[in-house]
Amino acid sequence: MDQTTRTLASYASSLRFEQLPASAVHELKRRLIDALGCGIGGYASEPAAIARKMAAAASGEPPARVLGAGAVTSMEMATFANAVMVRYLDCNDTYVAKGSGHPSDMIPACLAVAEAHHAGGRDTLAAIAVAYEVFTALADVIALRDLGWDQGVFVVLGSAAGAARLLNLTPEQTADALAIAVTSSIPTRQTRAGELSMWKGCATAAAARTGVFAALLAQSGMTGPTAAFEGRHGVWEKVTGPFQLGRLGGDGAGFGVERTNLKFFPAEYHSQAPLWIALDLRRQVRCEDIESIDVQTYYTAWSEIGSEPEKWDPQTRETADHSLPYLLGVALMDGGIRSDSFSAARMRDPALRGLMQRIRVSENPEFTREFPTKLVTRIEVATRGGQRLSAMASYPKGHARNPMSDADVESKFEELARDLIPAARRAALITALWEIDRAPDIASVLDLVRVA
């Protein structure tokens, strides 16, 4: 096997819960609460309903559950259906480095395998830590987006590694799982360009499903390519170019989960800082008095949510939650972004559309040079009366340098789950997640994830 595969496989098969510092364990628990809240919040969506219908037609031994519904299916389809729910609201965590993406998309993969094999809470947390570590180590050194590839490359490898850890695969089997996963799943970034479809929130769910399938194949004896990364026609040659993995968590090195960011608003991550600015400016000016809004930001934010014509004319929810003009307009008019801010009626509102047309977004090269260390955005509002107001932000609430409190995380969970899970069960679920390292079988925790 090549050195990249060997390094990742050795790490994934050897990490144990006892090696995790208390700070990393705490962040893993916060990510579980956040991801499951997002999943419950996305339960009633059309993509989630489609995924549950597909899962209902599959079976597996040992089985895993579709969260919320409780129906049993295969580990792979449980992963897919549950990850679709987690992603739908675009409200789960984000990692921003040379590469970026949503690491908690991999949590459903680990939960499905853990439940099927009656893993305890500690092993489940260790597997999630492995998945995050693989994801962040790769994102630290590979600019997938700039190369035209999607974050599923990170997700499929992290999911395969987490699943392999739960299946107690040998380093050699784990290497096979990683090789099968990455050579069979190199997704293009067309998923997130132009007018966005339902697949925007499902692409990484498909990658997570493939990661689990790859681990199960390796467990059964399937061998994978021997030089998936560094060999002829491998990932280095065709996808990423050569890279050198950084230090993985443990032995004094920090863990990736501690560097990931939570979202306060259900919207694309690079909109989070601009939204806080908009809410601050809203206290100083009325929407009807606004002549123009000038947004200056870094290249990635401009390119992702403020450069394409479709972002000023969103026709789908997926486009709207990736449209900076739409998000700023709603925040200024409504005083916030909520999971119900993307209805068809809200997107068609003439007043909102009129405000969006007065918003200009541009790249500021100075801000680009500071990215990803700082996420700088400046917004200037010109009023019809000649007044000019401006504000800047770098670290939105939820960023690793401006973290949400535990109370904030619980409050977000409550808001997302309130209409779908009774209060007593919500409280019991949050308690069980905070104490998950004491659970002898993860199934006892997932029993509480039932939609009324």
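Above this note sits the structure.
Calculation criteria
- Residues numbered from 1 in each chain as written.
- Predicted model: local features only at pLDDT ≥ 70, side-chain atom pairs only at ≥ 80, totals over all residues.
- Heavy atoms only, no water.
- Axes fitted to C-alpha atoms, helices over the stretch in contact; angles between N-to-C directions.
- Helix = DSSP H or I, 4+ residues; strand = E, 2+ residues; numbered from the N terminus.
- Parallel < 35°, antiparallel > 145°, perpendicular 65-115°, else oblique.
- Contact = heavy atoms within 4.5 Å.
- Nonpolar A, V, L, I, M, F, W, Y, C, P; charged D, E, K, R; others polar.
- Phe/Tyr/Trp six-rings, centres within 6.5 Å; stacked < 30°, edge-to-face > 60°.
- Buried < 20%, exposed > 50% of the residue type's maximum accessible area, 1.4 Å probe, protein only.
- Polar contact = N/O pair within 3.5 Å; in protein donor to acceptor, adjacent residues only side chain to side chain.
- Salt bridge = Lys/Arg side-chain N within 4 Å of Asp/Glu carboxyl O.

## Some details on the packing of helix α2 (residues 22–41) against helix α6 (residues 121–139)
Thinking step 1. The contact between α2 and α6 brings their axes to 10 Å, and the two run at 90°. The angle between α2 and α6 places the two elements in the roughly perpendicular class. Taken together, the residues of α6 that come into contact with α2 (itself represented by V25, L28, R31 and L32) are L125, I128, A129 and Y132.
Thinking step 2. Of the residues contributing to the contact of α2 with α6, the split by class is seven nonpolar, no polar and one charged.

## Some remarks on the packing of aromatic side chains
Thinking step 1. Enumeration according to the criterion identifies nine aromatic pairs in this entry.
Thinking step 2. Seen from their ring centres, W236 and F243 are 5.7 Å apart, and the 65° between their planes marks the pair as edge-to-face.
Thinking step 3. For F243, a relative accessible area of 9% gives the class buried.
Thinking step 4. Their ring planes at 50° and their centres at 5.0 Å tell us that F264 and W276 sit as a pair that is tilted. Of this pair, F264 sits in the loop between α11 (235–240) and α12 (272–282) while W276 sits in helix α12, placing them twelve residues apart in sequence.
Thinking step 5. Judged by relative accessible area, F264 falls into the partly exposed class, the value being 33%.

## Some remarks on the side chain of E304
Thinking step 1. Inspection of the secondary structure assignment puts E304 in helix α13 (residues 299–305).
Thinking step 2. Polar side-chain contacts of E304 include one of 2.9 Å to the side chain of R145.
Thinking step 3. A polar contact is formed between the side chain of E304 and the side chain of R189, at a distance of 2.6 Å.
Thinking step 4. Once you skip the residues sitting within four places of it in the chain, E304 turns out to touch R145, R189, R192, E268, K311 and H322.

## What to know about helix α15 (residues 324–334)
Thinking step 1. The element α15 is extensively covered by neighbouring structure, given that nine of its eleven residues are classed as buried.
Thinking step 2. Inspection of α15 places L324, P325, Y326, L327, L328, G329, V330, A331 and L332 among the buried residues, and these make up the whole buried set.
Thinking step 3. Between the side-chain oxygen of the N-cap and the backbone nitrogen of Y326 there are 3.0 Å, and the N-cap of α15 in question is S323.

## A word on the pattern of salt bridges
Thinking step 1. Scanning the model with the defined rule gives 36 salt bridges in all.
Thinking step 2. Here D321 ties to R317 by a salt bridge, and the two come within 2.6 Å at their closest N and O atoms. Across this residue pair, the class does not change: D321 and R317 are buried.
Thinking step 3. When the shortest N-O distance is used, the salt bridge between E414 and R426 registers 2.8 Å. You can see E414 sitting in helix α19 (residues 406–417) and its partner R426 sitting in helix α20 (residues 423–434), a full twelve residues away along the chain.
Thinking step 4. Classification of R426 by relative accessible area gives buried; the value is 8%.
Thinking step 5. The structure contains a network of salt bridges with shared partners spanning R87, D90, D105, K200, K263, R317 and D321.

## A word on the side chain of T377
Thinking step 1. Along the chain, the position of T377 falls in strand β7 (residues 377–383).
Thinking step 2. Within the structure, the side chain of T377 is placed 2.9 Å from the side chain of T297, a separation counted as a polar contact.
Thinking step 3. Excluding residues within four positions of it along the chain, T377 makes contact with P274, I277, V295, Q296, T297, Y298, F367, A391, M392 and A393.

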